[in-house]
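# Residue-level structural notes
Okay, here's what each chain looks like letter by letter:
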Amino acid sequence: MSRNDQVWIKRNYENCSGCRRCEIACALYHEGKIWPEASRIRVFMLVPGVEIPHLCFQCDDYPCVEACPTEALSVNSQTRAVNVDASKCTACGLCIKACPGNVPHLHPEGNYIVICDLCDGKPKCVKACQEGRWNTLMPVPREKEVSYKTLAKTPKELTHEVAKQILGEETAKEVID
Amino acid sequence: MRGYAGKFLEIDLSNRNIKETKFPDEVLRDYIGGRGLATKVLWDRLGREWETVDPLGPENILLVLTGPFTGYFPGTKVCVSGKSPQSNGVIGSTVAGEFGIDLKCAGYDGLIITGKAEKPCYVFICDNQVEIKDASPIWGKKARETLRFLVRKSIEEIKDARPNYGEVKEPSILYIGPAGENKTRVAAVVAKYAHGAGYGGYGGVMGAKNLKAIVAKGFGPVPDVYDKEKTLSLAKGFSELNFEMERFRRWGTGGGGYFFGAETSSEPIRNWQNEWHNKESYKGEEFDKYWVKKNWGDFGCPTTCLKLAVLKTGRFKGAICDNPDYELEAYLGTNLGIFTPEENIYLSYVSNELGLCGIQGGAVLGLAAELYEKEILTKEDLDGIEPEWANVEAFTTLAEKVAFRQGIGDILAEGVYRAALKLGEMKGVDLLKYAVHEKGVAIGAHGVRSGKDFIAKNIAYACSVQGGDHTSTASLPLDQGSGELSTIMADSAVFCVFAAFGIEDIKMFNFYEAVTGWKLTKKEWYNEKALRILHLQRAMLLLGGPDVKWKPKADDDNPPRFWEPLPSGPYKGKTLDRKMFEESRLEYFRAAGWNENGVPKPETLRRLGLEDVEAKLKEVSLIK
Ligand code: SF4
Ligand code: SF4
Ligand code: SF4
C-alpha cells in the first residue's frame, strides 16, 4: 500500500449532527456492543449544538507511540493507524499527555488505552456517517504535504473554534467562558 | 432479562435516601417501561389516595424512565411522568437527548424520585456513584447558565474519580429553568438548550421538589439484547426508511408551518380564532437563512430532523435554539400573530431560556393576548404590558412574568384552563370559552375543525387520556397504528415517533421480541396490555383532584372554540358536526370497554385484572 492509498479521516465539524451513529458503529465493530464510552471515536458536546467527533489524527511522528514506555503502541505499517497491544498497556496515561489532541482514552472497563485503528483500513464510523449523508467524516487519501499533527487538538480547543464558526464570536464566548 | 439494565434508582429527596429497586419480570412484560411503567408505579403507590395528592406537593412522584428500545432503536427519548399539574392525571411526556442512553449505560432503567429536598439540589449519577448535590449556585439561573455550570462541574468531578481516563465526555442533563423552579404548570423538563418534555408540566414538579437538575453519566455498554443480529438488522431497516425522507430530513416537522396553516387549516392563529393563514408564511425555505445549515439529532438518530438556529445579526442577535419545530412555529409564532421566522426563533429562545413549555407557555400568552384584544384584560391588569398580536417584546416580558410568577404572571402560570377560571372569577364573566385546552392541557397545534389534519380528527383530544397532547390522540379503530394505544407502545418501549414514520407496527412487535426475547403479539398489545395502561390512566384522570376534577363525558368534549365555525380560508364555515362527534365518542367508549358515560365498566376492569381500580372507582361512586 503506498502512502496515497492510505485513508485519513477528514472531519467537517460544522456538519456533525451529533447523531452518534459513528460511535455506535465503532463500538459494535470493536466491542460487539453499543457502548459509547468504548468507541474509538467519541462525539463531544461541551456546548449544545456544537458537536465534535474526536478521534486519532494520525500524526506523522506519532508522539503517543514515542511516549509509550512499554511498547504497547505501534504504527500499523499498512494503514498507518496506531495499534494498541492491550496486554502490554499499563494504563499509565503517558500517551494521552503526549498527544496534542488528548485523543487516547482508557477503555471504560479494561485497564488499557483505546485508539482508533482505522478498522484495518475500512473505517466503520465513516461508513455510518456517509450512509446518513451528513458528510462529517470523509475518507481522504493520506497526503505527504499535510501535517496531520497540526490538526490534532483537544475537544475543548475544537469546541472553541467550531463554536465561533457556528454561533458567532460573541455568542460562543458567552456560552463557553 | 434482556433489553433492560434490570434495576431502577429510587431517590427520596426528603431524607436523602438512595436505593436500588427492581420490578418483577411480569411487571416489565405487562408495562414495558416509560409511560406504561410510570402509570403502574403511580397507581400502586398513590392510587388509593389519588384525589388528595397535590401534583406540586412533596407527595408526588417524579418518574424518569427509559424503555427496552432505548439505545437500539434509531432515535432516542426518555419518558418523564408523575401526577400531572395540568390534568391531575398521568401523562407520559417524552424528551429527546442522550439522557436515557447515559442512564442505561450507568446501569439503570429509570429513576423514581420522591419527597422534597430541603434546599435546591441536583442529582448526580455516574455509574454507581449517586449523590444529591447543592444547586444553590444555579437556582434562579436560566438554561444557558445552568448547563454551562453543570457540564463544567460534572466533568471535573468525573475526572477526579477517573484520573487517568483521558478526556471526559460531558454527561447528559435534564434540568428546569425559572418556570419550573417557580412551580408553574407550564414548565418543561429540558434537555440541551431546547428539547423539552412539556406536556404534563413536570418542570413544575421538579421545582416543587427543589430539584434543579439530574445529571447522568454512564461508562458501561447499553444492556445486551436477546437477538443482536435481528435487532440490528431491523434497526437498519428503520434507518433506511428515514434516510429516504428528504423533506423531513431537511426541515423536520418545521416544514409543516405552511402545510397546516395554509392548506389544511389546522394551525392555530391568534389563540385559535383562526386556523388558516395565507400562503407566504412559514414555508420551510423561509427558515433556511436562520438555521446554521446544521442538522441536529440525538443518539442514533437517522433523520436529525432538528436544526440548530442562531440569530447572528439583527435586533435579536445571539439567540440560539432548535430551529422551531412545527409546534413552536405555531405556539410561539402564528398563535401570537407572529409570522416572521426571525421573531419566531427569538421567542422560542426566550421560552427555552425560561424553561417554559413552548406549547403550554405559548398557549397562555395567546389567551392573554385575546383577552387584551377583547378588552377583558386591561393594560393595568397586565402590569402595564400590552400584548398586541405580533408584539414580540410584549410577549417576551409577559413570558418572564409567567416564569417568575410575578403579577399577572402568577395567574397565567396556571396554564390556560386554570388561568381562564381565575381571571373569569376576577372579572365576573365566563372566560372558559377562550381556553383552548383538553383536561387542563393546552391542545397541540393541530386543530380538528377542517377535518384535514392527519392526526387530529373529531375525538382526537376529547377522548385521549393525555388530554391535549397531539402525540397521543384517540381514534378508531383502537388497534390502528395511529391511535393512542400505539402511542402507548412508543412511550413505553420509549422510542422517537419521528424516527418511526412509516414503520408498520408489526415490525415494532418483532423488534420488541428481538430486544427482550419476550413474545408480544399485536392482539395481546391492543386487546390487553395497552388497554390496561389506558385504563389506569383513565381511572387516575377521572379521580383527578385536588383542585380540579374532570367529569366523564361532560369534559370528554372539544373546547368551545372548536365548535365555532372557521372564519376564513379554504374551509371557511366548517366546524365539527355535533351528532357525528357524539356518535364517534360513544363508539370509542364502547370500544375501550367504558360505559356510555365514559367510565370503565367493572367487567372490563376485571378482564384486565384491575380489580383494585374497580374498587377505587366504586369507593368514589364513579361506578355502582
Ligand atoms: S455519524 Fe457523522 S454526523 Fe453523526 S455524530 Fe458521527 S460524525 Fe457526527
Ligand atoms: S493524534 Fe494522538 S493518538 Fe493519534 S497519532 Fe497523534 S499523538 Fe497519537
Ligand atoms: S475508523 Fe474504526 S476504529 Fe477508528 S473511530 Fe472509526 S470506527 Fe472506530
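The rules behind each value
- Residues numbered from 1 in each chain as written.
- Chains lettered and ligands numbered in written order.
- Predicted model: local features only at pLDDT ≥ 70, side-chain atom pairs only at ≥ 80, totals over all residues.
- Heavy atoms only, no water.
- Near = heavy atom within 4 Å.
- Nonpolar A, V, L, I, M, F, W, Y, C, P; charged D, E, K, R; others polar.
- Phe/Tyr/Trp six-rings, centres within 6.5 Å; stacked < 30°, edge-to-face > 60°.
- Buried < 20%, exposed > 50% of the residue type's maximum accessible area, 1.4 Å probe, protein only.
- Lys NZ or Arg CZ within 6 Å of the ring centre and 35° of its normal.
- Axes fitted to C-alpha atoms, helices over the stretch in contact; angles between N-to-C directions.
- Helix = DSSP H or I, 4+ residues; strand = E, 2+ residues; numbered from the N terminus.
- Left-handed = near helix turned anticlockwise from the far one by under 90°.
- Contact = heavy atoms within 4.5 Å.
- pLDDT = per-residue confidence, 0-100.
- Pairing = 2+ DSSP bridges.
- Expected span 1.5 Å × (residues − 1).
- Polar contact = N/O pair within 3.5 Å; in protein donor to acceptor, adjacent residues only side chain to side chain.
- Buried area = accessible area lost by both parts, 1.4 Å probe.
- Salt bridge = Lys/Arg side-chain N within 4 Å of Asp/Glu carboxyl O.
- Core = buried A, V, L, I, M, F, W, Y, C linked by side-chain atoms within 4.5 Å.

Turning our eyes to something else, we now look at the site of ligand 2. Ligand 2 sits among A:Cys56, A:Phe57, A:Gln58, A:Cys59, A:Tyr62, A:Pro63, A:Cys64, A:Val82, A:Cys99, A:Pro100 and A:Pro104. The class makeup of the residues in the shell around ligand 2 is 10 nonpolar, 1 polar and no charged.

The next point concerns the packing of aromatic side chains. Taken as a whole and assessed by the stated rule, the structure comprises 25 aromatic pairs over all chains. Ring plane angle 70° and centroid distance 6.0 Å describe the contact between B:Tyr588 and B:Trp594, whose orientation is recorded as edge-to-face. The pair formed by B:Tyr588 and B:Trp594 is uniform in burial state, with each residue classed as buried. Aromatic rings pair up to connect B:Phe69, B:Phe73, B:Phe238, B:Phe495 and B:Phe511 into one cluster. In this structure, A:Arg11 is placed above the aromatic ring of A:Phe57, and the distance from its NZ or CZ to the ring centre is 4.3 Å.

The subject of this paragraph is the packing of helix 1 (residues 21–31) of chain A against helix 4 (residues 124–131) of chain A. Residues and elements named next belong to chain A. Running from N to C, helix 1 and helix 4 point in directions that differ by 145°, and their axes come no closer than 8 Å. Once helix 1 is placed against helix 4, the crossing between them reads as right-handed. Contact with helix 1, carried on its side by Arg21, Cys22, Ala25 and Tyr29, involves Lys124, Cys125, Ala128 and Glu131 of helix 4 and no other residues of that element. Taken together, the residues of the contact of helix 1 with helix 4 break down into 5 nonpolar, no polar and 3 charged.

Let's shift gears to the confidence of the model for chain B. Confidence along chain B averages 95 in pLDDT terms, with 100% of residues attaining 70 or more. As a predicted assembly, this complex carries a pTM of 0.97 together with an ipTM value of 0.96.

Next up on the list: the sheet that holds strand 14 (residues 306–310) of chain B. Overall, antiparallel pairing links the 3 strands, which are arranged 13-14-15 (chain B) in an open sheet. Each edge of the sheet is formed by a strand with only one pairing partner; in this case those strands are strand 13 (291–296) and strand 15 (320–322) of chain B. Taking each pair of neighbouring strands and ignoring which way they run, the sheet shows an average axis angle of 25°. Of the pairings in the sheet, the one linking strand 14 of chain B to strand 15 of chain B comprises 3 bridges and is antiparallel in character. Looking across to strand 15 of chain B, one finds that B:Leu308 is bridged to B:Asp322. Each of strand 13, strand 14 and strand 15 of chain B is contacted by helix 5 (residues 155–167) of chain A, which is oriented at about 80° to strand 14 of chain B, the strand it contacts most. Against the sheet, helix 12 (residues 341–354) of chain B contacts strand 14 and strand 15 of chain B, and its axis sits at roughly 90° relative to strand 15 of chain B.

A separate point is the sheet that holds strand 10 (residues 189–191) of chain B. Residues and elements named next belong to chain B. The mixed open sheet is built from 6 strands, whose spatial order is 8-7-12-9-10-11. Across the chains shown, the open sheet's two edge strands, defined by having one partner strand only, are strand 8 (129–134) and strand 11 (195–197). Direction aside, neighbouring strands of the sheet carry axes that sit 20° apart on average. One ladder, built from 6 bridges, connects strand 7 (residues 121–126) with strand 12 (residues 211–217); its direction is parallel. Following the sheet pairing, Cys121 is matched in strand 12 by Leu211. Its contacts with the sheet put helix 4 (residues 143–161) on strand 7, strand 8, strand 9 (172–175) and strand 12, and the angle it makes with strand 7 is roughly 40°.

Residue and element names in this part refer to chain B. Helix length check: helix 16 (residues 415–427), at 13 residues, gives a terminal C-alpha distance of 18 Å against a target of 18 Å (1.5 Å per residue), a fit within 8%. Looking only at helix 16, the buried set comprises Gly415, Val416, Tyr417, Arg418, Ala419, Ala420, Leu423 and Gly424. Contacts from the buried residues of helix 16 go to helix 13 (358–373), helix 15 (408–412), strand 16 (437–438) and strand 17 (441–442). Of the residues one or two after helix 16, Gly428 is the one with positive phi, at around 70°.

Within the fold, A:Glu37 resides in the loop between helix 1 and strand 2 (42–47). Under the relative-accessibility criterion, A:Glu37 is labelled buried at 2%. Here the side chain of A:Glu37 touches A:Arg42 through a polar contact of 3.2 Å, side chain to side chain. In contact with A:Glu37, not counting residues within four places along its chain, are A:Arg42, A:His105, A:Pro108, B:Tyr165, B:Lys169, B:Lys217, B:Gly218 and B:Phe219.

A common measure of how large an interface is: the accessible area buried when the components associate. Taken residue by residue, the interface counts 53 residues in chain B and 51 residues in chain A. Considering only the surface of chain B that becomes buried against chain A, B:Tyr165, B:Glu167 and B:Lys169 emerge as the three largest contributors, covering 17% of it. Applying the counting rule to chain B against chain A returns 9 salt bridges. At the boundary of chain B and chain A, one finds 31 residue pairs in polar contact (both at pLDDT 80 or more). Broken down by secondary-structure element, the contributors of at least two residues to the side of chain B that touches chain A are helix 3 (99–105), helix 4, helix 7 (228–243), helix 8 (246–251), strand 13 and strand 14 of chain B. Ranked by residue count, the leading element in the side of chain B that touches chain A is helix 4 of chain B, at 6 residues.

Following the criterion strictly, the structure yields 63 salt bridges over all chains and no others. A salt bridge links A:Arg142 to A:Asp60, with the nearest nitrogen and oxygen atoms 3.7 Å apart. Taken as a pair, A:Arg142 in the loop between strand 8 (137–141) and helix 5 and A:Asp60 in the loop between strand 3 (50–54) and helix 2 (63–67) lie far apart in primary sequence, 82 residues in all. The exposure class assigned to A:Asp60 is partly exposed, which follows from its relative accessible area of 32%. Two residues, B:Glu414 and B:Arg405, come together in a salt bridge whose shortest N-O distance is 2.7 Å.

What follows deals with the nonpolar core. Residue and element names in this part refer to chain B. Core analysis: the biggest nonpolar cluster contains 266 residues, and Phe73, Ile125, Ile214, Met489 and Trp525 have the highest contact counts within it. In terms of residues, this core owes the most to one element, helix 19 (residues 522–543), which gives 10 residues. Not counting chain neighbours up to four residues away, the residues in contact with Ile125 comprise Leu9, Leu103, Ala106, Tyr108, Leu111, Val130, Ile214, Val215, Ala216 and Lys217.

Residues and elements named next belong to chain B. Across its 16 residues, helix 13 extends 22 Å between first and last C-alpha, which sits within 8% of the 22 Å expected from 1.5 Å per residue. Among the 16 residues of helix 13, 15 are classified as buried, and the element is accordingly described as predominantly covered. Within two residues after helix 13, Glu375 carries a phi angle of roughly 60°, on the positive side.

Let us now look at the site of ligand 3. Residue and element names in this part refer to chain A. Cys26, His30, Cys116, Cys119 and Cys125 are the nearest of the 13 residues found near ligand 3. For the shell around ligand 3, the elements supplying multiple residues, two or more each, are helix 1 and helix 4. Class assignment for the residues of the shell around ligand 3 results in 9 nonpolar, 1 polar and 3 charged.

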